[in-house]
Amino acid sequence: MSTTTATHHDDHGHPTGIMRWVASTNHKDIGTLYLWFSFFMFLFAGALALGIRAELFQPGLQFVEPENFNRLTTLHGLIMIFGAIMPAFVGFANWMIPLMIGTSDLAFPRLNNMSFWLMVPAAILLIGSIFVPGGAIAGGWTMYPPLSVQNPSMSVDMSILALHILGVSSIVGSINIITTILNMRAPGMTLMKMPLFVWTWLITAFLLIASMPVLAGALTMLLTDRHFGTTFFDAAGGGDPVLWQHVFWFFGHPEVYIMILPAFGLISTIIPTFARKPLFGYASMVYATAAIALLSFVVWAHHMFTTGMPVAGQLFFMYSTMLISIPTGVKVFNWVATMWRGSMTFETPMLFSIAVVFLFTIGGFSGLVCAILPVDIQVQDTYYVVAHFHYVLFSGAAMSIMGAVYYWLPKWTGFMYDETLGKWHFWLTTIAFNVTFFPMHFTGLAGMPRRVPDYALQFAEFNMISSIGAFALGISQLLFLYIVIKCIKGGTKAEAKSWEGAEGLEWTVPSPAPFHTFETPPTVK
Amino acid sequence: MNKRTILSLGAAFLSLFAVSSHAEYALNLKAPVTEIASQIYDLHMMMIWVCLAIFVVVFGLMFYSIIKHRKSVGHKAAHFHENHWLEVIWTIIPVIILVAMAYPATKTILAMKDTSAADISIKVTGSQWKWAYDYLDQDVKFISTLSTPEAQIKNQEEKGENYLLEVDNPMVVPVGKKIKILLTAADVIHAWWIPEFGVKQDAIPGFVRETWFRADKPGTYRGQCAELCGKAHGYMPIVVEVKEEADYNAWVAAQKEAAAAADAGADKDWTMDELVTAGKAVYEKNCSVCHGATGAGIPPAFPAMTGSAVATGPIEGHIDILLNGKNIMPAWKDVLNDTDIAAVIAYERNALGNSTGDFAQPSAVKAAR
């Protein structure tokens, strides 16, 4: 396939100006679009979180009415998950997978364009829903009925439509990525020679294809319950509100791994570079990723331990959930073993990666605590859970994305970023993150429920600390924006191989990577 | 600029500890008062120590490596990238640890699910945003709502010790008895949770779920709704008073007496002013959370009372919607007595900007049931 594209290409022009982006079929340009899109969504949803933390700075109601508070938590969750984290990983997939496997582009460039541009109307629907009568969606990102059926606001329907569109975008993107990886690798690159990031994305793409249609089904049932008189989730008509939870989490738990497996891939790429030593246990990393993906389909009801399942169900889901910690542990051990007896340096991408290994493991341990059903009875729907999923999603997914942005910025822009500022960004982010979220373990254990705009006085001190941390965390990300823009505008010229210990095909092309690369495939030994 | 940010942040922190040095920094689960809650507490402590031990070993090695195996101290990279024995060992050891964790957890789960041989059964119904308690063997029932004054929430008054964790009518149970809770909900999903009991159970509309506890120590225990249930989710606490057997029996007798007195009120003839005055209290406790203290409501979800077609239309329709509900408006017939319903109808028709001049006697409400 790469040879056919190579024959007809000869520096033909491509659209310039705005049309370069609107009509782009180039994996690098579309990757850039995805990354910027996700960054703006990250800042927007982060600003919503600051609204939450401002209200929770002190007990009592100060800034946000309770219903608006629920809107803030709901939109913060939906936009961070579907607008920030997921598109950022797709951005990396676009930019890096063709470069890593030595092909000229994705298999279906026009579908790739469509995948991105579907995100924009979806984002407009989600954000626009703030301004419709009745206000934005307020029932939590999990949209449990009957609460989400009860809310008469059009914003719920707009959010359902937005999620449908995002689902189509994800499925189309996943088909594109799977086809590319399975068919377009450079000669000699067997599956077990692929960079681990490509492996994690291949598995993630299968997870997306399997789980997004399930979400679509659940959303459609919710929509017909809202408007067309069906009673899937209404006991009065023979339905069951808990059915939603089963179907939603059948999507929702694989979704959690969709947001963390590519992060594992990024970390597994960065650590060997700066340890100057090959990744330890490559094969076991691949098997562990596949094991996590398979297990992710049989653990969903651990989100529902308080719904009152039969005891057999409770035991099954507790055991299966505990099992996930084994392949996850293998990954952490492999990363530490990769560093062991290396020759390490600590540039910003490495700092972020080490922090991810360390902090993600805290999130993994709190996840194991939540898996133990009797303990989960106490911490379910408390701030403990809020701490847990921010340790895996912020210090797992988001911080690995930041590290990877620093890692490949030289390849993307042709310039080295400002290392001093990068380190400032790292330390500010890491410290502020822990100040924000570590105290939530304590407030959660002590009994503070999540999704409340106000709280008992015993939680006041830790909430104030969390809020101070959150504002520092938010402001630190503006530094990130500045560093990226500064790097695009200029700096020390980056070499083709920007890092001493870097391995992989992406470092064999010049920096910045030319508009077209690998028109004739390289040969991998 | 960054340095200044850090400095001011640090200063904010120091001042925080200075002003609140006497405050409590609760770090752990609340002290348990049931057997199940103690088991949960112990399980959690075991998890903490095991996780901490693994954490120290793994990250001790990582930080040792970070300090010793760095390029700046001249360390040369080794090139190993596999070790089958090591990989097998660090897969098997976690399996053994997990089995050791699962065993006590399984025993606790089996005990939690055993709702048989209960001494007292109480039906608990969650609704937006209150809890209804129905003592099935005693013919005692009442509603429990937040009693924290709005002025405290809006920061116009100093907040009390039990801010947001206090109710008008707490649930009362005897110490040392097995209490079975039959849990359901009237509108959306709620969750009934008392941390000291180790009980958290979702209340699901249309279904009855069971859970149980046996409190070993008299006292007042406070929890909150744990499942997002709309705008006042943060304002529906749960308070359980555990009393000695004799005190509990006295409480039951007092409840029955009060109920009998309220029933007697239904047969008397009331004046409009009496009903409107009584209705104000009923309205503010039960209705204002949706329809607003001034009757403005929160359209479109919660219609205004002022000028409403129901509150200014035929009184039969007004009685009917209160008794039986409509869409998200709950049915009140099992919640309020005839006098309360007659009173709140009189209040809604002759206050809040309405003045129809008519009202219904409690006997008329009784007849419409």
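Residues numbered from 1 in each chain as written. Chains lettered and ligands numbered in written order. Predicted model: local features only at pLDDT ≥ 70, side-chain atom pairs only at ≥ 80, totals over all residues. Heavy atoms only, no water.

**Remarks on the overall build of chain B**
- When helices and strands are counted, chain B shows 11 helices and 10 strands.
- Its C-alpha atoms give chain B a radius of gyration of 28 Å, clearly above 21 Å, the size a compact globule of 369 residues would have.
- Dimensions along the principal axes, computed over C-alpha positions, put chain B at roughly 95 × 60 × 40 Å.
- Burial analysis of chain B (369 residues in total) assigns 47% to the buried set.
- Carbon and sulfur atoms make up 60% of the accessible area of chain B, which totals about 17600 Å².
- The positive charge centre, built from 33 side chains, and the negative charge centre, built from 40, are 11 Å apart in chain B. (Helix = DSSP H or I, 4+ residues; strand = E, 2+ residues; numbered from the N terminus. Rg over C-alpha atoms; globule rule 2.2 N^0.38 Å. Buried < 20%, exposed > 50% of the residue type's maximum accessible area, 1.4 Å probe, protein only. Areas by Shrake-Rupley, 256 points an atom, 1.4 Å probe, with all protein chains shown as cover. Lys, Arg positive; Asp, Glu negative; His and termini not counted. Charge placed at Lys NZ, Arg CZ, Asp CG, Glu CD.)

**Brief notes about the overall build of chain A**
- Scanning chain A from N- to C-terminus turns up 18 helices and zero strands.
- Over its C-alpha atoms chain A spans a radius of gyration of 23 Å, differing by no more than 12% from the 24 Å that the globule rule assigns to 525 residues.
- Taken along the three principal axes of its C-alpha coordinates, chain A extends 65 × 50 × 45 Å.
- Taking all 525 residues of chain A together, the buried fraction comes to 70%.
- Counting contacts in chain A only where the partners sit at least 6 residues apart, residues at least 24 apart contribute 83% of the total.
- Accessible surface, chain A as shown: approximately 16300 Å² in total, 72% of it carbon and sulfur.
- Once the 21 positive and 24 negative side-chain charges of chain A are each reduced to a mean point, those two points are 11 Å apart. (Contact = heavy atoms within 4.5 Å.)

**Here we look at helix 8 (residues 196-227) of chain A**
All names here are of chain A.
- With 32 residues, helix 8 extends 46 Å from end C-alpha to end C-alpha; this agrees with the ideal 46 Å at 1.5 Å per step.
- The element helix 8 is extensively covered by neighbouring structure, given that 23 of its 32 residues are classed as buried.
- Positive backbone phi, approximately 75°, marks Gly229, located one or two places after helix 8. (Expected span 1.5 Å × (residues − 1).)

**Here's the deal with the sheet that holds strand 10 (residues 237-243) of chain B**
All names here are of chain B.
- Across the sheet, which stays open at both edges, the three strands sit in the order 4-10-9 with mixed pairing between neighbours. This sheet does not close on itself; its edge strands, each paired only once, are strand 4 (171-174) and strand 9 (219-224). Recorded for the sheet is a direction-independent mean angle of 25° between the axes of neighbouring strands.
- Of the pairings in the sheet, the one linking strand 9 to strand 10 comprises six bridges and is antiparallel in character. Residue Tyr221 lies in a different strand from strand 10, and its bridge partner there is Val240.
- This element, helix 5 (residues 245-265), spans strand 4 and strand 10 of the sheet and lies at about 140° to strand 4. (Pairing = 2+ DSSP bridges. Axes fitted to C-alpha atoms, helices over the stretch in contact; angles between N-to-C directions.)

**Section: the interface of chain A and chain B**
- Taken together, the contact between chain A and chain B spans 103 residues of the former and 97 residues of the latter.
- Summing both partners gives a buried area of about 8900 Å² for chain A against chain B, and 72% of it is carried by carbon and sulfur.
- Counting across the chain A and chain B interface gives one salt bridge.
- Of the charged contacts in the structure, one is a salt bridge between Lys71(B) and Glu500(A), with a shortest N-O distance of 2.8 Å.
- Our count for the contact surface shared by chain A and chain B stands at 28 residue pairs in polar contact (both at pLDDT 80 or more).
- With nine residues, the single largest contributor to the side of chain A that touches chain B is helix 13 (residues 325-339) of chain A.
- Class assignment for the residues of the side of chain A that touches chain B results in 65 nonpolar, 26 polar and 12 charged. (Buried area = accessible area lost by both parts, 1.4 Å probe. Salt bridge = Lys/Arg side-chain N within 4 Å of Asp/Glu carboxyl O. Polar contact = N/O pair within 3.5 Å; in protein donor to acceptor, adjacent residues only side chain to side chain. Nonpolar A, V, L, I, M, F, W, Y, C, P; charged D, E, K, R; others polar.)

**Describing the packing of aromatic side chains**
- According to the stated counting rule, one finds 62 aromatic pairs over all chains in the structure shown.
- With centroids separated by 6.0 Å and ring planes inclined at 70°, the aromatic side chains of Phe274(A) and Tyr407(A) adopt a geometry described as edge-to-face. With a gap of 133 residues between them, Phe274(A) in helix 10 (residues 261-275) and Tyr407(A) in helix 16 (residues 383-413) connect regions that are remote in the sequence. The same class applies to Phe274(A) and to Tyr407(A), which are both buried.
- Relative to Trp427(A), the ring of Phe426(A) has its centre 4.9 Å away and its plane inclined at 75°; by these criteria the two rings are edge-to-face.
- Taking the relative accessible area as the measure of exposure, Phe426(A) reaches 4% and is therefore buried.
- Under the relative-accessibility criterion, Trp427(A) is labelled partly exposed at 46%.
- A cation sits over an aromatic face here: Lys277(A) above Phe80(B), 3.9 Å from the ring centre. (Phe/Tyr/Trp six-rings, centres within 6.5 Å; stacked < 30°, edge-to-face > 60°. Lys NZ or Arg CZ within 6 Å of the ring centre and 35° of its normal.)

**Some details on the environment of Gly292(B)**
Residues and elements named next belong to chain B.
- Of note, Gly292 is situated in the loop between helix 7 (288-291) and helix 8 (309-312).
- Sequence-wise, Gly292 and Pro303 are 11 residues apart; in three dimensions their C-alpha atoms are separated by 9.4 Å.
- Once you skip the residues sitting within four places of it in the chain, Gly292 turns out to touch Tyr283, Cys287 and Gly297.

**Regarding the sheet that holds strand 5 (residues 179-185) of chain B**
Residues and elements named next belong to chain B.
- Reading across the sheet, the five strands line up as 3-2-1-5-8 and stay open at both edges, with mixed pairing between neighbours. This sheet does not close on itself; its edge strands, each paired only once, are strand 3 (140-144) and strand 8 (209-213). Taken pair by pair, the neighbouring strands of this sheet meet at an average axis angle of 25°, ignoring direction.
- Taken strand by strand, helix 5 contacts strand 1 (120-127), strand 2 (130-135) and strand 3, and its axis lies near 85° from that of strand 3.

**A closer look at the confidence of the model for chain A**
- Mean pLDDT for chain A: 95, with 98% of residues reaching 70 or above.
- Low pLDDT, under 50, characterises residues 1-10 of chain A; the stretch is placed with nine contacts to residues that sit more than four places away or in other chains. (pLDDT = per-residue confidence, 0-100.)

**A word on the pairing of strand 2 of chain B**
All names here are of chain B.
- Across six bridges, the pairing between strand 1 and strand 2 is antiparallel. Within strand 2, the position partnered with Ser127 by the bridge is Lys130.
- The antiparallel hairpin formed by strand 1 and strand 2 contains two residues in its connecting segment.
- Where strand 2 lies against strand 3, five bridges are found, and the strand directions are antiparallel. In the strand pairing of strand 3, Tyr135 is matched with Val140.

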